Amino acid sequence: MASRPPNLIQAPARSRRRFVQGLVAGGVVAALPGMARADSAARGATRTGSAPELTGTEFHLEIGETLVNFTGAPRMATTVNGAIPAPTLRLREGDEVTIHVTNRLRETSSIHWHGIILPYQMDGVPGISYPGIAPGETFTYRFTVRQSGTYWYHSHSGMQELTGLYGALIVEPRGGERIRVDRDHVVQLSDWTDENPMRVFAKLKAQSDYYNYHQPTAMDFFRDAAHDGVGAALTRRRMWNSMRMSPTDLADLSGATLTYLMNGTTPSGNWTAPFRPGERVRLRFINGAGNSFFDVRIPGVKMTVVQSDGVDVEPVTVDEFRFGPGETYDVIVQPQDDACTIFAQSMDRSGFARGTLAVRAGLEAPVPALDKVQWLTMGDMMGAMGAGGAMAGMPGMAGDAMPGMNHGMDHGAHGMAAAAQAPATPAARHARTEYGASTDMRVDTPRTNLDDPGVGLRNNGRRVLTLADLSTLGGALDPREPGREIELHLTGNMERYTWSFDGVEFGQSTPVHFHHGERLRVTLHNDTMMTHPMHMHGMWSELESPQGGFQVRRHTIPVQPAQRISFLVNADAPGRWAWHCHLMFHMEAGMFREVLVA
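Residues numbered from 1 in each chain as written. Predicted model: local features only at pLDDT ≥ 70, side-chain atom pairs only at ≥ 80, totals over all residues. Heavy atoms only, no water.

- The name an unreviewed UniProt entry gives the chain is Copper resistance system multicopper oxidase, with Nitrogeniibacter mangrovi as the organism.

## Structural notes on the environment of Phe201
Here is step 1 of the chain: Following the sequence through the fold, Phe201 ends up in helix α3 (residues 197-206).
Here is step 2 of the chain: Assessed through its relative accessible area of 12%, Phe201 is described here as buried.
Here is step 3 of the chain: It is 9.8 Å that separates the C-alpha atoms of Phe201 and Leu253, two residues lying 52 residues apart in sequence. (Helix = DSSP H or I, 4+ residues; strand = E, 2+ residues; numbered from the N terminus. Buried < 20%, exposed > 50% of the residue type's maximum accessible area, 1.4 Å probe, protein only.)

## Comments concerning unusual backbone geometry
Here is step 1 of the chain: Residues Ile84 and Pro85 are joined by a peptide bond in cis, for which omega reads -10 degrees.
Here is step 2 of the chain: As for its placement among the helices and strands, Pro85 is situated in the loop between β3 (75-80) and β4 (86-92).
Here is step 3 of the chain: Phi at Asn263 is positive, roughly 50 degrees, even though this residue is not glycine.
Here is step 4 of the chain: Note on placement: Asn263 falls in the loop between β11 (258-262) and β12 (271-274).

## Let's talk about the packing of aromatic side chains
Here is step 1 of the chain: Per the stated rule, a full pass over the model turns up 20 aromatic pairs.
Here is step 2 of the chain: Pairing Trp113 with Tyr141 gives two aromatic rings, centres 5.1 Å apart and planes at 90 degrees, and the pair type is edge-to-face. Placement of Trp113 in strand β6 (residues 112-114) and of Tyr141 in strand β7 (residues 138-144) is noted, with a sequence separation of 28 residues between them. Take Trp113 and Tyr141: they sit in the same class, and that class is buried. (Phe/Tyr/Trp six-rings, centres within 6.5 Å; stacked < 30°, edge-to-face > 60°.)

## Some words on the confidence of the model for the chain
Here is step 1 of the chain: Model confidence for the chain is summarised by a mean pLDDT of 87, while 83% of its residues fall at 70 or above.
Here is step 2 of the chain: Note that residues 28-42 has pLDDT below 50 and, in this model, 20 contacts with residues that lie over four places away or in other chains.
Here is step 3 of the chain: Ignoring residues within four places in sequence, the model shows residues 389-405, a span with pLDDT below 50, making 37 contacts including any to other chains. (pLDDT = per-residue confidence, 0-100. Contact = heavy atoms within 4.5 Å.)

## With respect to the sheet that holds strand β9 (residues 166-172)
Here is step 1 of the chain: With mixed pairing, the five strands of this open sheet are ordered in space as β1-β4-β9-β8-β6. If you trace the sheet from one side to the other, it starts and ends with β1 (53-55) and β6, each paired once. Averaged over neighbouring strand pairs, the angle between their axes works out to 25 degrees when direction is ignored.
Here is step 2 of the chain: Bridge count between β4 and β9: five bridges; the pairing is parallel. When the bridges of β9 are listed, Arg90 appears paired with Ile170. (Pairing = 2+ DSSP bridges. Axes fitted to C-alpha atoms, helices over the stretch in contact; angles between N-to-C directions.)

## A word on the side chain of Arg554
Here is step 1 of the chain: Relative to the helices and strands, Arg554 is located in strand β30 (residues 550-554).
Here is step 2 of the chain: Engagement of the side chain of Arg554 in a polar contact is seen with the side chain of Glu327, the distance being 2.6 Å. (Polar contact = N/O pair within 3.5 Å; in protein donor to acceptor, adjacent residues only side chain to side chain.)

## Observations concerning the sheet that holds β11
Here is step 1 of the chain: Taken in spatial order, the six strands make up an open sheet running β11-β10-β13-β18-β15-β16, and their pairing is mixed. Among the strands making up the open sheet, the edge pair consists of β11 and β16 (311-318). Each strand axis lies, on average, 20 degrees off the axis of its neighbour in the sheet, ignoring direction.

Structural data, given as structure tokens:
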């Protein structure tokens, strides 16, 4: 988890619009000032837009630094074979693949194969599965591909993912594609900052809402007073102030520093995918962002979700879906117009990525306005008590009077006795380690509502995908009941910008032990106000419904604020594995654990 700042060149003053929407052509050398242009000529400029594709069983990848210009300010990016995104690797299920990765950086680097089931020594996490790839050295990954679907790869070293080191990985089923389409496009979303990512991190440590431009204002108060009455508006403000929290704490980073990209292309650049009218088009959405959730829709076009995290699901047709860093969704669309906008707005509504499905190059369709920001609710603060309990509908209350929430909040694996059923409304149990400086909130009445699309998507008039809509074809991997249960709480302190499991940051934690061969239930209980995309390496996570039935198989599961979810794991992969929030700064700040299977 060591990190390093990329090389920076002084940026000229730029407008916010330029920053959020970027340049028409991000990697064009002609856009660079003279000094940068000369340097770029020596080093080579970054190729952006649709990634080059590599196929076969043996690959050569070279990690390096090349110039890129997304906003008018040239910056040095971390790239693979000089491209953002990195080359798309197309593999075939059942093949043994050999991937030679050479590090040309001046620091250690790595590549992790996200969602791929493989021996832990090949997983690519420095300090867990190997030391990393030293400058000038080549590491050879070799493993048999045991699955098919849409996956991706990225650096697991410092902030290299945020500075460009990510790419798609597509595995063709051994027996050929079950899903028949006429076109197949990868749509990889990401976020980019011109700032040194470690400087961004330092700002968050000093002031966690530094990039939140949606703080409640005086005008918001007058609007609420006119709508709800002065007393209710005052009570609402007093409640949030007493908790020292903001109802707009939706994302740590925003368009104030981020430019959102689609296949390495800015919104102004308008990445375009061709199709012909009447064709069935498969779009493989990958969230490769360092720190951004996206809400994706194609106005006027229904999307039929057929895969999540690379695994086939019962088809479900929706207007919109949300996904966080690490997640993937494959959808089928049949656009009828000559041009349709692929619109992906950030969860905090501070910007968007966009592209176009078009029958010919140069066409554009209207780009929707960003949705209005929705405030977090009592349900997001208190779980079941706030969402539907005795306090539902109350305009506000004093923080000390909230029985459902406990301020000041490891179950380092509350190693609990075997449990045969997943309780729908469990009593919260907080570990002693949650009562410390690293935790400022505890939720006593969590919710288990997988049918909630999340703040910003509720009651928006569109059919929005939820976890409850997903059902893996073929059911669970193993019919056995769990023999053991582990519970962990997702914790943090917003004032200190610390993130942890059970109030314990990674540096102070011990590994979570899985017994090789066992089937166990893992429960995650979110005691924070933010959604965390939790990624367990090396093994599948089989999400359960609130009633304890099998729901869907995932490698990355988003856990909403004040939510409690459970999933089953077959501990069939001996070795050392990483388990962490895929929001890069949360991981860097401590929401990371090692899982030891032995």
